[in-house]
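# Secondary and tertiary structure notes
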Amino acid sequence: MPTKTALPPEISSQLQKHIRGQVLTDTPSRGRYATDASIYQQFPVGVVIPEDAADIETALAVAREHSIPVLPRGGGTSQCGQTTGVALVIDNSKAFRKILHVDPEKATAEVEPGLVLDHLNANLKKHGLWYPVDVSTGAQATIGGMAGNNSCGSRSLAYGNMVHNVLGIDAWLADGQLAQFGNYAQSTGSAKQLGDFVKGLANRLQPEIEAMFPKVMRRVAGYNLDVFHPQSEKPYTTDGSVNLAHLLVGSEGTLAYFKSLQLKLAPLPQHKVLGIVNFSSFYRAMDSAQHIVKLGPTAVELVDRTMIDLARHNPSFKKTIESALIDAAGPTPEAILLVEFSGEAHAPLLERVAALKELMSDLGLPNTVVSMPDAGLQKNLWEVRKAGLNIMMSLKGDGKPVSFIEDCAVPLENLADYTSALTDVFSKYGSRGTWYAHASVGTLHVRPILDMRRDGAQKMRAMAEEASELVRRYKGAYSGEHGDGLCRGEWISWQFGPKITDALREIKHAFDPDNLFNPGKIIDPPKMDDSSYFRFPPEYKIIPLKTNLDWSAWNVQNNPVTEETSAPGSGGDPAHGFSKAVEMCNNNGHCRKFDAGTMCPSYRVTRDEKHLTRGRANTLRLAVSGQLDAAPGEDPLTTAAVKDAMDLCVSCKACRRECPTGVDMAKMKVEYLSHYKKRHGHTLRDRLVAHLPHYAPMVSRIPGLPALLNIRNRIPAIAKIQEWLTGISAERTLPVWRSDTFWNAPIDSAASAAQYRFTPEQLQAESKAVVLLVDTFNAYFENENVHAAIAVLRSAGYQIHIPQMDTANSASATEQKCSKQFCCGRTYLAAGMVDEAKARLGALVDHLAPYAERGIAIVGLEPSCLFTLKDEALVMGFGQKAVSVSQKAQLLEEFLVDQSKAGKLNLNLKPADRAVLFHGHCHQKAFAAVTPALELLQLIPNAKPTLIESSCCGMAGSFGYEVEHISVSKQMAELSLLPAIRQAPDSWVVADGTSCRHQIHDGTQRDAVHIARILAAHLQ
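Notes on the structure in this doc start here. (Residues numbered from 1 in each chain as written. Predicted model: local features only at pLDDT ≥ 70, side-chain atom pairs only at ≥ 80, totals over all residues. Heavy atoms only, no water.)

### Topic: the nonpolar core
Quick note on the threshold: Here, the term nonpolar core denotes a set of buried Ala, Val, Leu, Ile, Met, Phe, Trp, Tyr and Cys residues that are joined through side-chain atoms within 4.5 Å. Only protein chains enter the accessibility calculation, which uses a 1.4 Å probe; a residue is then buried when its area is under 20% of its type maximum, exposed when over 50%, and partly exposed in between. Think of it this way: any DSSP run of H or I at least four residues long counts as a helix, any run of E at least two long counts as a strand, and we number them from the N terminus. Two residues form a contact once any of their heavy atoms are found within 4.5 Å.
The biggest cluster of nonpolar side chains holds 141 residues, and the ones touching the most others in it are Phe 578 and Leu 869. Take this core: its biggest share by element is nine residues, from helix α33 (residues 834-853). Apart from the residues within four sequence positions on either side, Phe 578 is in contact with Leu 545, Thr 547, Trp 551, Asp 573, Leu 620, Val 624, Leu 637, Met 668 and Glu 671.

Given below as structure tokens:
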């Protein structure tokens, strides 16, 4: 049974004394490693994060000395619970991730197990090679974890599974020896002895192996006892030899601890084409797969009607998915198959697509194939397929798609009948599944929606038993891709029978006689529905919580068949929806990615699970469910553990867009801060940041005060004194105060701010009209951006309304003189002052709503301010008026591009005389507003703008000014942003965010400009 007991202090001290890496035994750290992407949770006794192989060897020795189980872990993305356990977890992913050697001539590589697949392939690309086990989690999956699971990927039809692409493994055995597992005929030492033992078992059990091992390629259960008498339709080796490394592939860390893996690489395909087959019948799609594979495709992937509809209703994906349909204006197909052909030349691939069309015609399905030879369109379509799964996983409510039978593999000739029968099983138990994945090899992922807090376990058991009967009837494999772990381990004996099961136990004992390596997996596993192993066991309870934001949209229940959700607020959450929002994280680990995108900036610097969207979500979940150490009656969001986890969250909002399940950590940080600050109070720095919109007008109007305050940037001693008083780093320059602000000086030679005031009715009467928000930062520190925006809008013929507060009835004389602008409340939210933010933001929404309701665009310059109207304003209780405003709120570039596409924009721009680099603000990226910025810059002749592929700049509002965060802030900027700018010394650098421009200036001594300024500079 699982326990939450930690390592004894004396053993923890022994580890800390002898290893260079980290040893974590506190409850929050162990809690963050207690789950993976499955439904299970087991607290480890401790976590070791090694610096190198010597640390791992030491940790293994200490564990062996004290009989402590060991569990190797990579990305923690396993779907069956194999990376959860009451053991000493050793996290390979932070430092044990080097590429040790690449031999381009032999097309081989040797790597450490913590290396991420996509990082390996990025390095191999220059050699024209890749590692072709292309799992969908390649941005976060580690090679060691993939080998442990015997992972497969979309193109296994052509390249095979991990077991077909691993040439050797160097691994520590349970007794501490380092053994080399490779070609059996050439093996020596412990590896040879173990190989001889397994060979003896295999020879003795050859009749049982031939009778019980499934004959499909996608069989990953148990140990590969059949290496001596291969049963798979794809041989383990091309020459018929036996490789002992294949005994370890798929062993889930139960036999040995990997030190390095030797991999077989493949040439990168020079060309690819897609033929997309449209089906009006799901059954016909499944039945056709067996015929399509005879054409030699590299992949045949399914997208079913549910996913197609999800994509068609998403503006970001609609155009792409409809390019794959025979009739974009017609009804949605029941399924499409993405049939990919790849090779060295393009023309022969087009012939293969023609053959596909001919085949479908012969099958009675003429005119059902869309040819897609364009590489860009293909890439987009593959992304839509992944996104469809992500949307499916983002279902709100307690019912979630559960992985437990999704990897059953059956021979292709039985695939249609199997999927049809399994659909009936789902219906019998009041659920349904969405089908996707690998039609080419008879493995179709399907996750029925189950409520694991209530009757989900019973339904899971019943469905699994009926599915197993179907798998037996159709001569398939119960575990076809994602391993056994906790959810399929008990089915190993069902699959292989008692004799082979006993043999697997003998193999385990020979390798690991004291059962120290990941016990409870493969050998003697628990029942799949033992609720004591669940993330949501029967005793799981949420601590009642009074929230400051409106989380009612998450506080719902769902229908497992229709997926419809109940009314907001009806979900029965004692935390009013906050805990359900947190529980949207299913631990898939996508936040660990390092590819294009933003998420997760702090993790990219620290590689620490604590500073990851997943790590923060797990910390919050454990806190609100009372699983962390907290005083009785203490607000769970005010504990030191939560503060520690949230400390480096920069509220970039990337997770809002990039997390597959839509975990919105930026909003959660606002909620956390509001609780924490109410208990612990606000610092002077908090107040200086939060109240900036209030005192900035006063500072600008007091003669000489701006110049006096700016001395701080020139005299280091003053900066150090300020750092001591406020916690604002002396290493950082501050924004330059000025007296000639937007509100204090004329807008141009003939106009003042007062002349940009129109009633909604007046503005609606104009043929071209817009509301221009003037935010605090651009009004008081960089008013040239506002002037530039006005110049561009006026040049294009727009009448402009600038929101200004009516101060005539203000109780404060100071406000009557100074406060003209509205405030979005952003600075107050950053300090956890939700009530103050609501007051400021509410006033702005009240002012803007009449304009929005008349269809007038609301345009902003500062992304963090503008997107507050589209995001936080919707959870403040403002009702429909906030929705109306959010629908009309746009950045300047979004508005102008929309106008251009509608044929309404008349801008006469002169050619650019130098290159243009564009850096997207995090909130721009989160709301898909980067593309419009690039499209707008392209209107400047010869501009040819280039997007800087970067994560967060590292400033994140006040974050980069804070003394405790200055180092991390600079490291974030140095990951890619600042190096890219230094490499283009003569270019324009365009960045819409005030803090982004500040980081660029401090880090490169270059001035970045707002997009309005580069447009204004190119007006004829």
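Having seen the structure, we can now continue with the description.
### Digging into the side chain of Asp 608
Using the following cut-off: Charge counting follows a simple rule: Lys and Arg are positive, Asp and Glu are negative, and His as well as the terminal groups are ignored. When a carboxyl oxygen of Asp or Glu is within 4 Å of a side-chain nitrogen of Lys or Arg, the pair counts as a salt bridge. N or O atoms within 3.5 Å of each other form a polar contact, as long as, within protein, one can give a hydrogen and the other can take it, and as long as residues adjacent in sequence are counted only when both atoms are side-chain atoms.
Structurally, Asp 608 is set in the loop between α19 (601-606) and α20 (613-624). Within the buried set, Asp 608 has no salt-bridge partner at all; the shortest N-O distance to an opposite charge, 4.6 Å, is to Lys 610. Of the polar contacts made by the side chain of Asp 608, one reaches the backbone nitrogen of Lys 610; its length is 3.0 Å. Once residues lying within four places of it in the same chain are set aside, the contact partners of Asp 608 are Gln 22 and Tyr 603.

### Re the pairing of strand β6 (residues 108-111)
What counts is decided by this rule: In short, DSSP must find at least two bridges between two strands for them to pair.
Two elements, strand β5 (residues 99-103) and β6, share four bridges in a ladder whose sense is antiparallel. From the neighbouring strand, His 101 faces β6, where its bridge partner is Glu 110. Hairpin connection from β5 to β6: four residues lie between these consecutive antiparallel strands, with Ala 107 at a positive phi of about 55°. Pairing between β6 and strand β10 (residues 257-264): four bridges, direction antiparallel. Paired with Thr 108 across the bridge in β10 is Lys 264.

### Digging into a nonpolar patch on the surface
Filter applied, for reference: Two distance rules govern patches: like charges are joined within 9 Å, and nonpolar side chains (Val, Leu, Ile, Met, Phe, Trp, Tyr) within 5 Å, applied only to residues with over 30% relative accessible area and no salt bridge. Surface accessibility follows the Shrake-Rupley procedure with a 1.4 Å probe radius. Residue values consider only the protein chains on display as shielding.
A surface patch of nonpolar side chains, amounting to about 410 Å² of accessible area, comprises Ile 721, Trp 724 and Leu 725. Here Ile 721 shows up in helix α27 (residues 716-726).

### Focus on helix α15 (residues 415-428)
How we decide: One less than the residue count of a helix, multiplied by 1.5 Å, gives the span that helix is expected to have.
Between its terminal C-alpha atoms α15 stretches 20 Å, which fits the 20 Å expected from 14 residues at 1.5 Å a residue. Regarding α15, the residues found buried are Leu 415, Ala 416, Tyr 418, Thr 419, Ala 421, Leu 422, Val 425 and Phe 426. Residues of α15 that are buried in the fold lie against α10 (282-292), β17 (435-438), β18 (443-446) and α16 (456-473). Downstream of α15 by one or two residues, Gly 430 has phi in the positive range, about 70°.

### Notes on the pairing of strand β12 (residues 271-279)
Taking burial as the measure, the nine residues of β12 include seven buried ones, the bulk of the element. With nine bridges connecting them, β12 and strand β14 (residues 335-343) associate as antiparallel partners. The residue of β14 that forms the bridge with Val 277 is Leu 337. Here β12 pairs with strand β15 (residues 369-372) via four bridges, running antiparallel. Residue pairing across strands places Val 277 opposite Val 369, the latter belonging to β15.

### Some details on the sheet that holds β10
This is how it is decided: Note on geometry: axes are C-alpha line fits, over the in-contact stretch for helices, and angles between N-to-C directions span 0 to 180 degrees.
As summarised here, the arrangement of the five strands in space is β5-β6-β10-β8-β9, forming an open sheet in which the pairing is antiparallel. Of all the strands in the sheet, the pair left with one neighbour each is β5 and β9 (178-181). Each strand of the sheet is rotated relative to its neighbour by a mean of 10°, with strand direction disregarded. Sheet strands in contact with helix α4 (residues 117-124) are β5, β6 and β10, and its direction is about 40° off that of β5.

### Focus: the pattern of salt bridges
All told, the structure shown has 52 salt bridges when counted by the stated rule. Taking the shortest distance from any N to any O, the salt bridge between Arg 461 and Glu 490 comes out at 2.7 Å. Taken together, the positions of Arg 461 in helix α16 and Glu 490 in the loop between α16 and α17 (491-511) put the pair 29 residues apart, joining distant regions of the chain. Since its relative accessible area comes to 14%, Glu 490 is described here as buried. Here Lys 527 makes a salt bridge to Glu 490, at a shortest N to O gap of 3.7 Å. A residue pair is termed long-range when its members are at least 10 positions apart, and Lys 527 in the loop between α17 and α18 (578-582) and Glu 490 in the loop between α16 and α17 qualify at 37 residues. Overall, the relative accessible area of 52% leaves Lys 527 in the exposed class.

### Side note on empty space enclosed by the protein
The gaps of empty space that remain are located by a probe, the size of a water molecule, rolled over the atoms. So the rule is basically this: Think of a 1 Å grid over just the protein atoms. A cavity is a set of points where a 1.4 Å probe fits yet cannot get out, a pocket is an open set with protein on both sides within 12 Å along at least five of seven lines, and lining residues have an atom within 4 Å of a point. Grid points are joined across faces, edges and corners, and a volume is the space filled by probe spheres set on the points. Charged means Asp, Glu, Lys or Arg here, nonpolar means Ala, Val, Leu, Ile, Met, Phe, Trp, Tyr, Cys or Pro, and polar covers whatever is left, Gly included.
Summed over the entire model, instances satisfying the criterion amount to ten cavities of 30 Å³ or more. Considering only enclosed or pocket space, the largest cavity measures out at about 420 Å³ in volume. Taken together, 29 residues make up the lining of the largest cavity; nearest its centre are Ile 39, Lys 400, Arg 535, Phe 536 and Asn 586. Every element with two or more residues in the lining of the largest cavity is listed here: β16 (399-401), β19 (449-451), α18 and α20. Among the elements that line the lining of the largest cavity, the one with the most residues is α20, at three residues. Those elements giving two or more residues to the lining of the second largest cavity turn out to be α29 (776-780), α32 (826-830) and α34 (863-870). Each residue belonging to the lining of the second largest cavity can be placed in one class, and the counts come to twelve nonpolar, four polar and three charged.

### Focus on the packing of α33 against helix α35 (residues 880-888)
Note the threshold: With the far helix as reference, a near helix turned anticlockwise by less than a right angle produces a left-handed crossing, and one turned clockwise produces a right-handed crossing.
With their axes 8 Å apart at the nearest point, α33 and α35 run at an angle of 65° to one another. Crossing handedness for the pair α33 and α35: left-handed. Together, Val 845, Asp 846, Leu 848, Ala 849, Ala 852 and Glu 853 of α33 and Lys 881, Ala 882, Ser 884, Val 885 and Lys 888 of α35 make up the contact between the two elements. Taken together, the residues of the contact of α33 with α35 sort by class into six nonpolar, one polar and four charged.

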